[in-house]
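Chain by chain, the residues run as shown.
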Amino acid sequence: MEPVVTSGVDVRLGGIQPFMEQRALPSSISGAKSLGRGEVEGHGAVLLPASETEDFFENAAVALHLVAHDGTILRANRAELNLLGYASEEYIGRNIREFHADPTAIDDILNRLSRHEHLQHYRARLRARDGSIRWVEITSNVRSDDGRFLNTRCITIDVTEKVEAEELLREQQQRLALTYHSAGVGIVEADAEGRLLRVNGHLCRLLGYTQEELVGRSIFDRTFPSDVEADRAKYFQQVAGEIESYTIEKRFVRKDGSLFWAVVTSSSVYDGNGRFRYAVRVQHDISERKAIEATLAQRAEEQAALHRLTEMLQHAHTREDVYEAALGAIQRGLRCQRASILLLEGGIMKFVAWRGLSDAYRIAVEGHSPWSAADHDPPPICIRDVEQAELPSTLRHAIRTEGIGAVCFIPITEGGRLLGKFMAYFDEPHDCSAEEIEVARTIARQLGFGIERVRTQDAAQRLAAIVESSHDAIVSKDLRGIVSSWNRGAERLFGYTAAEMVGKPITTIIPEDRLDEEPLILSRIRNGELVDHFETVRRRQDGTLVDISLTISPVRDASGRTVGASKIARDITERKVAETKIRDSERHLQDLLAAIPAAIYTTDRDGKITYFNEAAVQLAGRTPVIGTDEWCVTWKLYWPDGTPLPHDQCPMAVSLREGRPIRGYEAVAERPDGTRVPFIPYPTPMRDAAGNITGAINMLVDVSERKQAESQQRILLDELNHRVKNNMMMLKSLLSVAARTSKSSEARIVLDEASKRVAAMAAAQRVLYDTPDAINFGAEPFLGAVCETAKQMFPPAVQLVCQADPIQLPNDIAMPLALIINELLINAVKYGLPGNGHGTIRVSIRQNGRRIGLVVEDEGPGFELDSVRSSSSGLRLVEGLVRQIGGTFEVSRHPSRCTVTFRQMPQENGLAS
């Protein structure tokens, strides 16, 4: 179809294109001339009449305007003015830039048109008269004359609604994309093969992968292996069109290897022909829900285990019933594979029940406990991984051999007191939760209650058997005195059967003269008092009276209210007879003790004076106060050397504290008048039938006369010792002089040896003389004196090392022992020193049990006794002296040593200990 040309506007079907030049424009905006009808320009176009062209411009449905090269609006049609709301005079003649909201946009338009570019649907914003902004698309070209810019011809199409729709669509798309990626659920798109086409951010965060790592992978790649097949089967049903959507719960494997549960809803998206394009899969993380469901299921199982335990414990009659119920509850409630129960027996944890444990394991770990028997309310202890725990090597080996991965120690207590423990064993490492610990504690409490209930039940049964079989009469009554129980002991004692007494008043067996006792007893019982060892008389069925001892205790109900009384009656007829005999015996004993001339007194176990005779008053010079004076009847005490002796350290106090008789001590008592009396005490503990100390008896023997005799004897003994010492020293001097003046060498040797022997005897005599004890002597000063005397006769280079234990030896072996030491020292100096005469000789006296050993050791080669016995008179003398003291004589070499062993111990005397 050929175009129809009007005023430079090409009118065609489907639109207006300003591509034909207008032949002429008037110099004024309103005075334009138009071409005549039928005039044909270069292309054969038919030109419309000017009036029709004008009408077309003015009344066109689209906005049209002409703009000069400088931007001045030359002409605008009605559609243009209506579009922006301006009047003709407000719009035409003004610069187009004033109506553009974007200066850069109009500048770009004018610049491009000045370069003769055609604009097609250039989008810009125009400012309407009411201040609103209108979006338009401008199509424009330039009219020029010989290259000179004349004006532009513009079509302006209002696209405000289109732009707003596009903006709304774009905003919705952005919002949808943002919602897609920010949704709190995982969203993916997958093709028919199950490959991921698109994933949102939430799924990436759930799985721990980036979008790049997931896109292109299969939707089944990160599925837990055992959940893949169910999901795969459903998905391919969906792809095949058998189902439009499905929902499934499955587990996913994160990048770090951990798992989470999700519920997946897979929905199909179809093309216009109804063919499957892709699937949208929404994945909600339900790990928390699954955990809650698992926790609820576990709590339900735990509660079921506890209810079952409670039910079984109610019907348990033996400990084995309690153990079996508890083991089942432990395994079910804690979901452990094995369990055991141990109880404290003699402070040691011992197995009493178990499941799934070997004999070797139980033997290896029995007795082990993380708590001591003294711990109060000990806490549970859980070892989540025994391989990582700090355990003794033997215990770790036993646990590893048994295949135990984790273990819990749960204490069994009653009132805070440790009764035992139960053990829960897991084959794999296991971290016990706070809820599991609380379940374990509940099981332990129930187990402790069950054990104590069975114990109490057994104790009650034993108590009933004891009561029924007791020889004593055991009776219970209410607060009115009506009998409610009557055991066989009561039947034997009173002659009434239980059938005859139950329901009858207890006054049935009370004699008439003692009926006033019952109201007093009931009054005390109502006050919650105990009536203990109340001795009285009761009447038997045959009318005879019997002496009894009553112990009556209140009987209380569960609230602590006194509801009755329990009475134990014991026949004390024989005891009464025995007490009479004892009183007679004690009176006889006191008469006997009073007749003894020595001072005698007794004390209780605390040392308080309980008895004394007249001789004790005479010795002490005072009358003791029974129950007040302690330990001794004397006023003041001293040791024989005059040192004060506190009463709580006197022999009587020592005897009571140590529980043994004290002998061999002397003490001095000072009377209130200042006179002193030496005495020897003989305190002896007194015991009851069970061996417990009940007191002590002491006899004080006045030794004043003996002391005077001993003093006289000592004076005579000192005189005798002095004369003997002088005679021995004189004899030694004579022998020494004879040895020096003798012309016979053999005689000089014999006299010299005799002189040395006399010197040794003199040294021993000196020790005996200096010892205050007339019977014994000390080994230390004795050996020192003999060695010192012998050393004076040895070469100066000889060293003597003398050592003795602090022991006492009897006086009658002093001389033989001194001669033995002297002979052995002489022999050591002669034959046991090196050629230069230097050397050390060691002498010792040691006690080994009841044996005494004298050892003389030198540095020589030693000798064989049999080979030198015949040639050595000194050794023969030693052997004879050893036999005299009842000992043995031995000689050894390497080192050279002579040993004399004898058994004689010190004579016992008053101060030997």
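Structure's up top.
Quantities reported herein were computed from a predicted structural model and do not represent experimental measurements. All residue numbers refer to positions counted from 1 along the written sequence of the respective chain. pLDDT decides what is reported in this predicted model: residues at 70 or higher carry local features, side-chain atom pairs at 80 or more are listed and counted, and totals for whole chains, interfaces and linings draw on all residues regardless. The basis for the side-chain values is all heavy atoms of the structure; hydrogens and waters are excluded.

S.K.: In this structure, what is going on with the overall build of the protein? I would like to understand it.
M.R.: Secondary structure assignment for the protein yields 25 helices and 38 strands. For every residue, the accessible area obtained with a 1.4 Å probe (protein chains only) is divided by the maximum for its type, and the residue is called buried under 20%, exposed over 50%, and partly exposed between those limits. Going through the 913 residues of the protein one by one, you find that 41% of them count as buried. Entry remark: accessible area of the protein is about 49000 Å², with carbon and sulfur atoms responsible for 52%. Only DSSP runs of H or I reaching four residues or more are called helices, and only runs of E reaching two or more are called strands; each is numbered from the N terminus. Methods summary: accessible areas were calculated by the Shrake-Rupley approach with a probe of 1.4 Å, and residue burial reflects only the protein chains presented.

S.K.: I would appreciate a short explanation of the sheet that holds strand S22 (residues 531-539) in the present structure.
M.R.: The pairing of strands in a sheet happens through backbone hydrogen bonds and is either parallel or antiparallel. In short, DSSP must find at least two bridges between two strands for them to pair. As summarised here, the arrangement of the five strands in space is S21-S20-S24-S23-S22, forming an open sheet in which the pairing is antiparallel. Lying at the two open borders of the sheet, with one neighbouring strand each, are strand S21 (483-486) and S22. With direction set aside, neighbouring strand axes in the sheet form an average angle of 30°. Sheet analysis places S22 next to strand S23 (residues 545-556), joined by seven bridges and oriented antiparallel. Residue pairing in the sheet places Val-531 in a bridge with Ile-552 of S23. Most of the contacts of helix H16 (residues 517-526) go to S22, to which it runs at about 155°, and overall it touches strand S20 (473-478), S22, S23 and strand S24 (562-571). Think of each axis as a best-fit line through the C-alpha atoms, taken over the contacting stretch in the case of a helix, with angles from 0 to 180 degrees between the N-to-C directions. We call two residues contacting when some pair of their heavy atoms lies within 4.5 Å.

S.K.: Please clarify how unusual backbone geometry should be interpreted in this entry.
M.R.: Backbone phi values are negative for most residues with the exception of glycine, while trans is the configuration of most peptide bonds. Between His-894 and Pro-895 the backbone carries a cis peptide bond, its omega angle lying at 5°. Relative to the assigned elements, Pro-895 resides in the loop between strand S37 (888-892) and strand S38 (896-902). Unlike most non-glycine residues, His-121 shows phi in positive territory, near 55°. Turning to its location among the elements, His-121 is positioned in strand S7 (residues 119-127). At His-894, a residue that is not glycine, the phi angle is positive and equals roughly 60°. Note that His-894 resides in the loop between S37 and S38. Of the residues examined, His-894 reaches a relative accessible area of 73% and is grouped as exposed.

S.K.: What am I meant to see in the environment of Ala-779 here?
M.R.: Tracing the chain through its elements places Ala-779 in helix H22 (residues 779-791). Sequence spacing of Ala-779 and Asp-805 is 26 residues, and the spatial spacing of their C-alpha atoms is 6.8 Å. When residues no more than four places from it in sequence are discounted, the contact partners of Ala-779 are Ala-804, Asp-805, Ile-807, Leu-809 and Ile-845.

S.K.: Honestly, helix H13 (residues 434-469) in this entry has me stumped. Any pointers?
M.R.: Given 3.6 residues to a turn, an α-helix orients residues that are three or four positions apart in the same direction. When the terminal C-alpha atoms of H13 are compared, their 51 Å separation across 36 residues agrees well with the 52 Å that a helix rising 1.5 Å per residue should span. By the burial criterion, the buried members of H13 are Glu-436, Ile-437, Val-439, Ala-440, Ile-443, Ala-444, Leu-447, Gly-448, Gly-450, Ile-451, Glu-452 and Val-454. On its buried face, H13 sits against helix H9 (287-314), helix H10 (319-334), strand S15 (338-345), strand S17 (381-383), strand S18 (406-414) and strand S19 (417-426). The span you would expect from a helix comes to 1.5 Å times its residue count less one.

S.K.: What's the story with the sheet that holds strand S13 (residues 259-270) in this structure? I'm lost.
M.R.: If you trace the five strands from one edge of the open sheet to the other, you get S11-S10-S14-S13-S12, paired in antiparallel fashion. Of all strands in the sheet, those with a lone pairing partner are strand S11 (196-199) and strand S12 (245-253), marking the two edges. Each strand of the sheet is rotated relative to its neighbour by a mean of 25°, with strand direction disregarded. Note that S13 and strand S14 (residues 276-285) share nine bridges and pair antiparallel. Bridge pairing links Ser-266 to Arg-281 in S14. Where helix H8 (residues 228-239) meets the sheet, its contacts fall on strand S10 (186-190), S12, S13 and S14, and the angle it forms with S12 comes to roughly 145°. Of the strands in this sheet, S12, S13 and S14 are in contact with H9, which crosses S13 at around 130°.

S.K.: So what exactly am I meant to see when it comes to the packing of aromatic side chains here?
M.R.: Pairing of aromatic side chains here covers Phe, Tyr and the six-membered ring of Trp, requires ring centres within 6.5 Å, and sorts the geometry by plane angle: under 30 degrees stacked, over 60 edge-to-face, intermediate tilted. In the structure shown here, the tally under the stated rule is twelve aromatic pairs. Seen from their ring centres, Phe-220 and Phe-236 are 6.4 Å apart, and the 50° between their planes marks the pair as tilted. Here Phe-220, found in the loop between helix H7 (211-214) and H8, pairs with Phe-236, found in helix H8; they are 16 residues apart in sequence, far enough to count as distant. Pairing Tyr-361 with Tyr-425 gives two aromatic rings, centres 5.9 Å apart and planes at 85°, and the pair type is edge-to-face. Of the two residues, Tyr-361 is situated in helix H11 (residues 359-365) and Tyr-425 in strand S19; the sequence distance between them amounts to 64 residues.

S.K.: I tried to follow the pattern of salt bridges on my own but got confused; where do I start?
M.R.: Side-chain pairing between opposite charges can occur once the charged atoms of the two side chains come close. The term salt bridge refers to a side-chain nitrogen of Lys or Arg lying within 4 Å of a carboxyl oxygen of Asp or Glu. As enumerated under the stated definition, the model contains 54 salt bridges in all. Between Arg-570 and Asp-472 there is a salt bridge; the shortest N-O distance is 2.5 Å. Here the residue Arg-570 occupies a position in strand S24, and Asp-472 occupies one in the loop between H13 and S20, the gap between them amounting to 98 residues. Overall, Arg-570 belongs to the partly exposed group, its relative accessible area being 46%. Under the relative-accessibility criterion, Asp-472 is labelled buried at 13%. Between Glu-517 and Arg-538 there is a salt bridge whose closest N-O contact spans 3.2 Å. Of this pair, Glu-517 sits in helix H16 while Arg-538 is found in strand S22, placing the two residues 21 residues apart along the sequence. On the accessibility criterion, Glu-517 (12% relative accessible area) is buried. Linked by salt bridges that have partners in common, Asp-108, Arg-112, Arg-115 and Glu-117 make up one network.

S.K.: Explanation requested: the packing of H9 against H10 in the structure shown.
M.R.: The angle between the axes and the distance between the axes are what describe a pair of packed helices. Between H9 and H10, the least distance of the axes is 9 Å, while the angle of their chain directions is 175°. In terms of their interaxial angle, H9 and H10 are classed as roughly antiparallel. On the side of H9, the interface is formed by Glu-301, Glu-302, Ala-304, Ala-305, Arg-308, Leu-309, Met-312 and Leu-313, while H10 contributes Val-322, Ala-325, Ala-326, Ala-329, Arg-332 and Gly-333. Throughout, the ten residues Ala, Val, Leu, Ile, Met, Phe, Trp, Tyr, Cys and Pro are labelled nonpolar, Asp, Glu, Lys and Arg are labelled charged, and all others, Gly among them, are labelled polar. Along the lines of polarity and charge, the residues of the contact of H9 with H10 split into nine nonpolar, one polar and four charged. Orientation is classified from the angle alone, with under 35 degrees giving roughly parallel, over 145 giving roughly antiparallel, 65 to 115 giving roughly perpendicular, and any other angle giving oblique.

S.K.: I keep staring at the nonpolar core and nothing clicks. Help me out?
M.R.: As a rule of thumb, nonpolar side chains are buried together in soluble globular proteins. Residues Leu-825 and Ile-841 are the most contacted members of the largest nonpolar core, which totals 43 residues. Every element with two or more residues in this core is listed here: H22, strand S33 (798-804), helix H23 (814-831), strand S35 (839-848), strand S36 (851-858), helix H25 (873-884) and S38. Looking at which element gives the most residues to this core, the answer is H23, with eleven residues. Those residues within four positions of Ile-841 in sequence are excluded, and the remaining contacts are Val-798, Gln-799, Leu-800, Val-801, Leu-825, Ala-828, Val-829, Leu-833, Val-856, Glu-857 and Asp-858. To define a nonpolar core, start from buried Ala, Val, Leu, Ile, Met, Phe, Trp, Tyr and Cys residues and group those joined through side-chain atoms within 4.5 Å. One finds Ala-316, Ile-410, Leu-419 and Ile-443 within the second-largest nonpolar core, a separate group that totals 34 residues.

S.K.: I tried to follow the packing of H23 against H25 on my own but got confused; where do I start?
M.R.: Following both chains from N to C, one finds H23 and H25 inclined at 155°, their axes separated by 9 Å at the closest point. Looking at the two axes, H23 sits roughly antiparallel to H25. The crossing of H23 and H25 is left-handed. Between H23 and H25, the contacting residues are Pro-816, Leu-819, Ile-820, Glu-823 and Leu-824 on the first element and Gly-874, Leu-877, Val-878, Leu-881, Val-882 and Gln-884 on the second. Tallied by class, residues from the contact of H23 with H25 come to eight nonpolar, two polar and one charged. Each crossing gets its hand from how the near helix is turned against the far one by less than a right angle, where anticlockwise is left-handed and clockwise is right-handed.

Note that every value here comes from positions in space, so none of it alone points to a role or purpose.
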